[in-house]
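Structure at a glance
Take a look at the letters that make up each chain.
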Amino acid sequence: MCGIFGCVLREGKAAPIIHQALKRLEYRGYDSVGVATIYDGRLQIKKDSGCVDDVHKKLDLNDLNGMIGIGHTRWATHGAPLMINAHPHTDCEGKIAVVHNGILENYSDLKAELLVRGHLFASRTDTEVVPHLIEDYMKQGFAFLDGVRETVKRLEGSYALAIIYANEPDKIVCARSQSPIVIGASDIDSCVSSDIPTVLPLTNKILDVQNGELGILTANTLNLVRISDGTPIQRDLRTITWDVELAQKQGYPHFMLKEIHEQPRCLEDAMRLQRRYIDLITTFLDRSREIYLLACGTSYNACLAAAYMFSNLCNLSTHPIIASEFIEQYGNAVNIESTILAVSQSGETADILHAIDHARFKAATILGLTNTIGSTLTRVSRAYVCQQSGPEIGVAATKTFTSQLLVLAQLALSLAEVRGKVSQERIDEFEVKLNEITHISETVINTQEEKVKAVVEKYRTAKCFYFLGRGINTATALEGRLKLLELAYVPSIAYPAGESKHGPISLIQEGFPAIFVCPKNETRKALIGNIMEMKARGAKIIAVLDEEDQEVKNLVDDYFEIPTGIPEILSPIPYVIPLQLFAYYMALARNCDPDKPKNLAKSVTVL
Ligand code: F6R
């Protein structure tokens, strides 16, 4: 996730406006910053790695002339967070400048083609193919606008682009597929941005750009056309009535709710990982004698689920381990034949880095799964993969958890393929389901949110909850519990449901709420037994269940429904969503701020 902005004015300097806009977009990433303007028929560019304030201190971002310009703040995906990879990127002649938010899936093919045609590349980004491709089309005789349209027609993946051309200094061209972009229009200027809050200080008149559309902005005019055939689109401006703070949350009252709703898009991005990262990690996993899955908190719950994935798909046992326990539990056992797959959203969690130090000392191989390129974890790992969820602002992990699960499932599948542990038929079936998970998650959010609110009303004063599951959904139950206790401060208990009879069931009394994660899989029969034993002792049962599971619906007091037909190892992704929403609405019902849980920090950098 990156932030892009561009503006074209009738008078004055664009650069200070772009600089201020990038400050507001910094929540979308701050690995590097760059601005390009056109002055005197030439592009002027300033860019460097670092956050907006640091780059401004070094380069003075306001000190660029020109009434038109574009800017970018980067969340690195392809290419390290270095100056050379900072946007804007340009063509060979330095006349076309491009800023981009998104991931171009076919950039290596395009780059190979452009290299053969003599184009020279300065960066390791996917974005840089765009200015070169436009240049190439223009060399073939296309006008600038047509060259842009031909170029974006060939892009696969996600993009929000803003493009300027030194020879046509009156316009910015923007284009969209999957990544957000809006155009703002006032009496004296036009702008384009990744989000509405950044536009609001300039104007509250917004023109939405949809997927497959190209926008052309001058200081006085706005035009939209279809990318496919160039036909014009008529759309009215709309007036935004939110204040800036509400707009930053895109109309949601809290970042947590916004991030829960962002999950389908993040899952889609997690499906766009480059194959070579998955392959490299798979190679390391394949040759290791033992694998430790190292993490804390929510990321640990993802590792626990991953242990079931590796066992189910690859017949491989792994050791999920809470990082702060690693040295005591496995410190002596770990050796040169061990592999540590460390999972950390921030990549900076001290417990994890401390455990990794120890493992490196014992010559183990370190692999990483993180959301933060450039983090310490990426530096200490032999190989790492970035989950590409974009910054998570809510302290409680939500979208990063489901994306971690999806990346881990892809790794397990890839290892199963390499080891010949699954049939081609099963792989094919599984891949279909992987591709459906985005839509399924969207359905769960859209259909279950109101139900969650109603169930919260019934249980808002409960003193304690049980969260129970079996198999891989033990991890889902643990994650549901963690969300509820950290956000709504309700003491809660979670464990594999089969353990009830070994002790915890003694707490159950009339009216005690117990939440069961109950997909239709091999654990279901045993789980029904666990539901019955709780019911017999007066517990109120809430289930997250398969929408077609009438038998369990008849047994329980309340339920949340998940679309049918999800393979077991992907089930934690949709099944955790109602539990995230439950924790969120319980927090509200109990007057707690879900974005600022007490005593917690987003990144825990102390031991
Ligand atoms: C809970 C939560 C924490 C983190 C944990 C690890 O909602 O966010 O439990 O999961 O602190 O953080 P990372 O993944 O950054 O290592």
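Calculation rules
- Residues numbered from 1 in each chain as written.
- Predicted model: local features only at pLDDT ≥ 70, side-chain atom pairs only at ≥ 80, totals over all residues.
- Heavy atoms only, no water.
- Helix = DSSP H or I, 4+ residues; strand = E, 2+ residues; numbered from the N terminus.
- Buried < 20%, exposed > 50% of the residue type's maximum accessible area, 1.4 Å probe, protein only.
- Polar contact = N/O pair within 3.5 Å; in protein donor to acceptor, adjacent residues only side chain to side chain.
- Contact = heavy atoms within 4.5 Å.
- Near = heavy atom within 4 Å.
- Areas by Shrake-Rupley, 256 points an atom, 1.4 Å probe, with all protein chains shown as cover.
- Nonpolar A, V, L, I, M, F, W, Y, C, P; charged D, E, K, R; others polar.
- Expected span 1.5 Å × (residues − 1).
- Salt bridge = Lys/Arg side-chain N within 4 Å of Asp/Glu carboxyl O.
- Domains from an automatic or database assignment.
- Buried area = accessible area lost by both parts, 1.4 Å probe.

1. A short note on the side chain of lysine 258
Turning to its location among the elements, lysine 258 is positioned in helix 8 (residues 255-261). A relative accessible area of 3% means that lysine 258 is categorised as buried. A polar side-chain atom of lysine 258 sits 2.8 Å from a polar atom in the side chain of glutamate 262. Residues within four places of lysine 258 in sequence aside, it is in contact with Gln248, Lys249, Gln250 and Tyr252.

2. Things to note about the site of the ligand
Residues in close proximity to the ligand total 15 residues, the closest being Ser299, Ser344, Ser346, Thr349 and Glu486. Here an oxygen atom of the ligand and a side-chain polar atom of serine 299 are 2.6 Å apart. One of the backbone nitrogen or oxygen atoms of glutamine 345 is found 2.7 Å away from an oxygen atom of the ligand. Here the ligand loses 89% of its free accessible area of 410 Å² to cover by the protein chains. Among the secondary structure elements, those contributing two or more residues to the shell around the ligand are helix 11 (297-314) and helix 17 (473-488). Counting residues per element, the shell around the ligand draws most heavily on helix 11, which supplies three residues. Looking at the shell around the ligand residue by residue, the class counts come to six nonpolar, seven polar and two charged.

3. Concerning helix 17
A turn of α-helix holds 3.6 residues, and therefore any two residues three or four places apart point the same way. Given a rise of 1.5 Å per residue, 16 residues ought to cover 22 Å, and the 22 Å separating the end C-alpha atoms of helix 17 matches this to within 8%. Burial analysis of helix 17 places 13 of its 16 residues in the buried class, which makes it a mostly covered element. Where helix 17 ends, the next residue or the one after it, tyrosine 489, has phi of about 55 degrees, a positive value.

4. Remarks on the pattern of salt bridges
By the definition in use, this model includes 35 salt bridges. Across the pair arginine 272 and glutamate 105 runs a salt bridge, and its minimum N-O distance is 2.6 Å. Of this pair, arginine 272 sits in the loop between helix 9 (263-270) and helix 10 (275-286) while glutamate 105 sits in the loop between strand 6 (96-101) and helix 3 (107-116); the two residues are 167 residues apart in sequence, bridging distant segments of the chain. Residue glutamate 105 is classed as partly exposed on the basis of its relative accessible area, which comes to 43%. Through salt bridges with shared partners, a single network forms among Glu105, Lys258, Glu262, Arg265, Glu268, Asp269, Arg272 and Lys399.

5. Examining the environment of cysteine 2
Considering the arrangement of structural elements, one finds cysteine 2 in the segment before strand 1 (3-9). We classify cysteine 2 as buried; its relative accessible area is 6%. Apart from residues no more than four positions distant in its own chain, cysteine 2 is found in contact with Arg28, His72, Thr73, Arg74, Trp75, His100, Asn101 and Ser194.

6. Quick word on the domain arrangement of the protein chain
Taken as a whole, the protein chain is organised into domain 1 (3-248), domain 2 (252-422) and domain 3 (442-600). The gap between the C-alpha centroids of domain 1 and domain 2 is 33 Å. With 17 residues of domain 1 at the contact, the number on the domain 2 side is 16 residues. Considering only the surface of domain 1 that becomes buried against domain 2, Tyr27, Trp75 and Ile103 emerge as the three largest contributors, covering 36% of it. For the interface between domain 1 and domain 2, the tally reads one salt bridge. Considering only residue class, the side of domain 1 that touches domain 2 consists of seven nonpolar, seven polar and three charged.

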